[in-house]
Amino acid sequence: MILLLSSLSLAATHQVSSSLSVDQAVALAASGDEIRVPAGEWPANADATGKSLSFVGEDGAILTSTSGETSLWASSGSMDIDGLRFEGAGRALSMGNGTLSLNQVVIDGGRGDWGGQIYVEYATLNISESTFQGGTAEDFGGSIFALSSVMDIQGSTFDENTAGNHGGAIAMAFSSELTLADTEFVVNESSANGGAIYLSGSSADLGNASFSGNAIYDGYGGAVYLIESTVTGDGVQFTDNEATYGYGGAIYGETNVGLTLENCTFDGNNAYRNAGQIGMYYAYGPLSLTNCTVTGGNSAQGHGGGIFTYVWVDLSLIDTVVSGNTSRYHGGGVYQYYYGSTTIQNSEISSNKSKDYSGGGAYLYYIWTGSSITIQDSVIANNKAKLEGGGLWMRYADKLDLNRVDLIDNSGEEGLYGGGLFMSGTQTASLHEMRMAGNTATYGGGFYATATSVAADWSNVLVQENLARIGGGGCFVNSELLTTTNMSFLGNQAFDSGSALCLYETHGEFTNLLFAGNLGAAAIHAEDTDSGFYSTFKYSAFVDNEVGHLGGELLAEELAETGNLTDLDAGVMGWSPDGDWANDRIVLSPTSPLIDAGDPALLDGDGTRSDIGHHGGPTDILEDADGDGWDTRYDCDDTDASVNPDATEIWYDGVDSDCRGDSDLDQDGDGEITMEFGGNDCDDTDPNVIECLDTDTDTGTDGPGDSEDPGNCGGCGGGLGGGLWVLGLMALMRRRDAY
């Protein structure tokens, strides 16, 4: 205690004045002293080596430097600086083998070769609530260069700093560490790599930092570049950063790197070449995004409008949205090439576009034994590619597993193969609990599968209202060994062959499948004799397919295979073949003949004989989330216990309470909407009153009040009338006749 009091009593305060310069005050000061700087401009080029000093600036206090000099510097010791402003043509601060702490400091301007404003080596740098603007480095770190140092930066701003080579704001090397919190990087630039931050052999926790408007000219990483480094972050934001003629609009890493981010935002970042927003090259490490959004990126002349990975990258997207990105070449949303694996879970890849090539949503290309692609509980929607794979393009994965994935409204604009999905050369391919709807291509509107060389196993897949301009409206398959169970092909269309399914050099076993309402060509078409001979269909149902059930090398005798059903009322509720899949919630009526009509060797989840169609079989997941006693095979809204096949229908409330799939505005089921809601049915409790016809009682010609004409209400109300309404009614009745 005596020693402590003695040291405190020895601490001195030195007041800079016209008679005591900054340099003189530092020279006079001993460790523990405080140097106070009053308002005004004070030139400084002071050496504080070996001392522990505090600097306090009063309002308006400015330290200035001249070119080639540093205002305050030390090769050991510590400096604690509070409230000072630094200006001038030289560097503001330098520290080696010590600690430099800044609080509420402003550094405006400054120039150096490495570190335009601050240079630290083998040091600790702590920064809070400070601003760094207009710094220039001839080589590395427009504001700060750190060598083998530890930095903690909180609540600060880096604005319009520039580096001739790397790290417009900060450059770090040789095992340096950076931690950021509540810090902004705005409009920093470098000519080569890292518009805001450059990391070499270092690590950074970006925390919840924000990066906006940063840029590189012709290099990598519009905001952040890393080599042999790791980056983490929670809440980080990248907006409108740019690689003007380079790669990676927001962030780019290469050679032994890892990037792990949570709750992050990438929006509107752009690159001229590959990696519109995020890029990883020969990483030998992970690119992991959890609960992130990657939106509005562009790769003007390259691959991967949103995300780009190249060789030995393990990509993980969890609870993440990749949307609205564009590439010139492959992979509008995501591009992954060679080795590594892909995991996408609870995520959305939507509205991305490959302008000239393939993989509008994602392009995934592997040549590696052990590589895998796993996509679960995700949505792939509204993506476009000029050529193949509007939604997903995948080739040469050792293992492919798509589970509970929606592939919807994707398209190959001019394209060849696979509107929703293109896959080729996979060793094993498992598709389970999926929906493919509203996709478009030339061949394989829903999906196109070729050269799956070992085993393909598809089950509980709904293939609905997809379109092929030539063949395979639902899907086009070329597979050596294909096993499918419990799938439904509903309302798909092809203009030449196979409105539901087109087979080429395929050996397939098709069990418990439903083909209904497919248009434009025979539902199933075999292109070659092998496909016709080696493909078998059993315990499947064929209903109301417009141009017949089988075509090509498939013989009508196939329909006589064990357990097949043809041309019956299938009892499929909640589906209307109107070209709009989104208004459907497809379930079986409790009296459907498809129930317990599947392969008796296969049981449903409740232990009964399997049903036909995508709701059925041992792999179907039976859920009753609302606890009303009806599982998802029959319950058209499993979030509402008042909606199920046993419920009493409440008419005109907009809810199909009893899951019958009929109009809520047509109580008597005569095909006419009640007049109260714009239809022509003036008595919606009597099916014999079909519509309001004006018929003359005296002449038998059309006129009001003819009581002899059945179905006449004695005068017309609102709604559609005349020939247009009759045509509309006929079209409606044709649609209703599908089941």
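Residues numbered from 1 in each chain as written. Predicted model: local features only at pLDDT ≥ 70, side-chain atom pairs only at ≥ 80, totals over all residues. Heavy atoms only, no water.

If you tally the helices and strands in the protein, you get four helices and 74 strands. Classification of the 739 residues of the protein by burial places 54% in the buried group. For the protein, the proportion of contacts with a sequence separation of at least 24, taken over those separated by at least 6, is 69%. Roughly 27,500 Å² of accessible area belongs to the protein as shown, and the carbon and sulfur atoms make up 48% of that amount. (Helix = DSSP H or I, 4+ residues; strand = E, 2+ residues; numbered from the N terminus. Buried < 20%, exposed > 50% of the residue type's maximum accessible area, 1.4 Å probe, protein only. Contact = heavy atoms within 4.5 Å. Areas by Shrake-Rupley, 256 points an atom, 1.4 Å probe, with all protein chains shown as cover.)

All right, on to the nonpolar core then. Ranked by size, the top nonpolar core spans 124 residues in total, and within it Leu72, Ile197 and Phe211 carry the most contacts. The residues contacting Ile197, other than those within four sequence positions of it, are Gly167, Ile170, Leu178, Leu180, Phe185, Leu206, Phe211, Ala223, Val224 and Tyr225. Of all hydrophobic cores here, the second largest spans 20 residues; its members include Ala171, Tyr363, Trp393 and Tyr448. (Core = buried A, V, L, I, M, F, W, Y, C linked by side-chain atoms within 4.5 Å.)

Pairs can form between side chains of opposite charge once their charged atoms are near each other. By the definition in use, this model includes nine salt bridges. The partner of Glu34 in a salt bridge is Arg36, and the shortest N-O contact between them spans 3.0 Å. For Glu34, a relative accessible area of 24% translates into the label partly exposed. Where Arg85 meets Asp108, a salt bridge forms, and the shortest distance between an N and an O atom there is 3.0 Å. Here the residue Arg85 occupies a position in strand β9 (residues 85-88), and Asp108 occupies one in strand β12 (residues 106-109), the gap between them amounting to 23 residues. Classification of Asp108 by relative accessible area gives partly exposed; the value is 26%. Salt bridges linked by common partners bring Arg85, Glu87 and Asp108 together as one network. (Salt bridge = Lys/Arg side-chain N within 4 Å of Asp/Glu carboxyl O.)

Of the pairings in the sheet, the one linking strand β22 (residues 170-173) to strand β26 (residues 197-200) comprises four bridges and is parallel in character. Its bridge partner being in β26, Ala173 is matched across the sheet by Ser200. Pairing between β26 and strand β30 (residues 224-227): four bridges, direction parallel. Along β30, the bridge assignment pairs Ile197 with Val224. (Pairing = 2+ DSSP bridges.)

Mapped onto the elements of the fold, Val587 is located in strand β74 (residues 587-588). Exposure remark for Val587: the relative accessible area of 1% places this residue in the buried category. It is 5.3 Å that separates the C-alpha atoms of Val587 and Met573, two residues lying 14 residues apart in sequence.

Turning to its location among the elements, Gln464 is positioned in strand β60 (residues 455-464). The spatial distance from the C-alpha of Gln464 to the C-alpha of Gly491 is 5.8 Å, given a sequence separation of 27 residues.

Right, let's talk about the confidence of the model for the protein for a bit. When the pLDDT values of the protein are averaged, the result is 88; 86% of them are 70 or greater. Note on residues 1-9: pLDDT under 50 across the span, and zero contacts to partners over four residues away in sequence or across chains. Low confidence marks residues 715-739, where pLDDT is under 50. Its contacts with residues over four positions away, or in another chain, come to 39 contacts. (pLDDT = per-residue confidence, 0-100.)

Once that is clear, we can look at the state of the cysteines. Taken as a whole, this structure holds one disulfide when the rule is applied. With no disulfide of its own, Cys475 has Cys502 as its nearest cysteine by sulfur position, at a separation of 9.0 Å. Its relative accessible area of 1% is what places Cys475 among the buried residues. (Disulfide = S-S within 2.5 Å.)

With that settled, the discussion passes to the packing of aromatic side chains. All chains considered together, the criterion is met by 50 aromatic pairs. Where Tyr217 meets Tyr245, the ring centres are 5.3 Å apart and the plane angle is 70°; that geometry is what we call edge-to-face. With Tyr217 in the loop between β29 (215-216) and β30 and Tyr245 in the loop between β33 (242-243) and β34 (251-254), this pair connects stretches of sequence that are 28 residues apart. Owing to a relative accessible area of 52%, Tyr217 belongs among the exposed residues under this scheme. Ring centres of Phe447 and Trp458 lie 4.9 Å apart, and the angle between their planes is 70°; on these two criteria the pair is classed as edge-to-face. Highlighted residues: Phe447 in strand β59 (residues 447-452) and Trp458 in strand β60, separated in sequence by eleven residues. Judged by its relative accessible area of 1%, Trp458 falls in the buried class. Between Arg395 and the ring centre of Tyr396, over which it is positioned, the NZ or CZ distance is 5.7 Å. (Phe/Tyr/Trp six-rings, centres within 6.5 Å; stacked < 30°, edge-to-face > 60°. Lys NZ or Arg CZ within 6 Å of the ring centre and 35° of its normal.)

This part takes up empty space enclosed by the protein. The final tally for this structure, using the stated rule, is three cavities of 30 Å³ or more. Of the volumes computed, that of the largest cavity is approximately 60 Å³. Lining the largest cavity are Ser488, Leu490, Leu514, Val572, Ile586, Val587, Leu588, Leu594, Ile612, Gly613, His614 and His615. When grouped by side-chain class, the residues that make up the lining of the largest cavity number eight nonpolar, four polar and no charged. (1 Å grid on protein atoms, 1.4 Å probe; cavity = no way out; pocket = protein on both sides within 12 Å on 5 of 7 lines; lining within 4 Å. Points joined across faces, edges and corners; volume = space filled by probe spheres on them. Nonpolar A, V, L, I, M, F, W, Y, C, P; charged D, E, K, R; others polar.)

Looking along a regular strand, one sees side chains alternate from face to face of the sheet. In terms of burial, strand β62 (residues 475-479) is a largely internal element, five of the five residues being buried. Alternating residues of β62 divide into Cys475, Val477 and Ser479 and Phe476 and Asn478, and every residue in both groups is buried. Pairing between β62 and strand β65 (residues 501-503): three bridges, direction parallel. Across the sheet, Cys475 pairs through a bridge with Leu501, a residue of β65.

Let us look at unusual backbone geometry. The general pattern is negative phi for most residues beyond glycine and trans for most peptide bonds. Phi is positive for Ser351, which is not a glycine, with a value near 55°. Of note, Ser351 is situated in the loop between β48 (348-350) and β49 (353-354). Judged by its relative accessible area of 39%, Ser351 falls in the partly exposed class. Positive phi values are uncommon outside glycine, yet Asn460 reaches one of about 55°. By secondary structure assignment, the location of Asn460 is in strand β60.

Structurally, the position occupied by Thr326 is in strand β45 (residues 326-327). A residue is classified by how much of its surface remains accessible, and Thr326, at 18% relative accessible area, is buried. Residues contacting Thr326, with those up to four places away along its chain left out, are Gly297, Asn298, Ser299, Gly305, Gly332, Lys353 and Lys355.

Mapped onto the secondary structure, Ser190 falls in strand β25 (residues 189-190). For Ser190, a relative accessible area of 5% corresponds to the buried category. Taking C-alpha positions, Ser190 is 5.6 Å from Thr162, a pair spaced 28 residues apart along the chain. When near neighbours in sequence (up to four residues on either side) are disregarded, Ser190 contacts Ala163, Asn165, His166, Gly167, Gly168, Gly195, Ala215, Ile216 and Tyr217. At 3.2 Å, the side chain of Ser190 forms a polar contact with the backbone oxygen of Gly194. (Polar contact = N/O pair within 3.5 Å; in protein donor to acceptor, adjacent residues only side chain to side chain.)

In this fold, Ser592 is placed in the loop between β74 and α4 (722-736). Here the side chain of Ser592 touches Ala570 through a polar contact of 2.5 Å, landing on its backbone oxygen. The contacts of Ser592, once residues within four sequence positions are left out, are Ala570 and Gly571.

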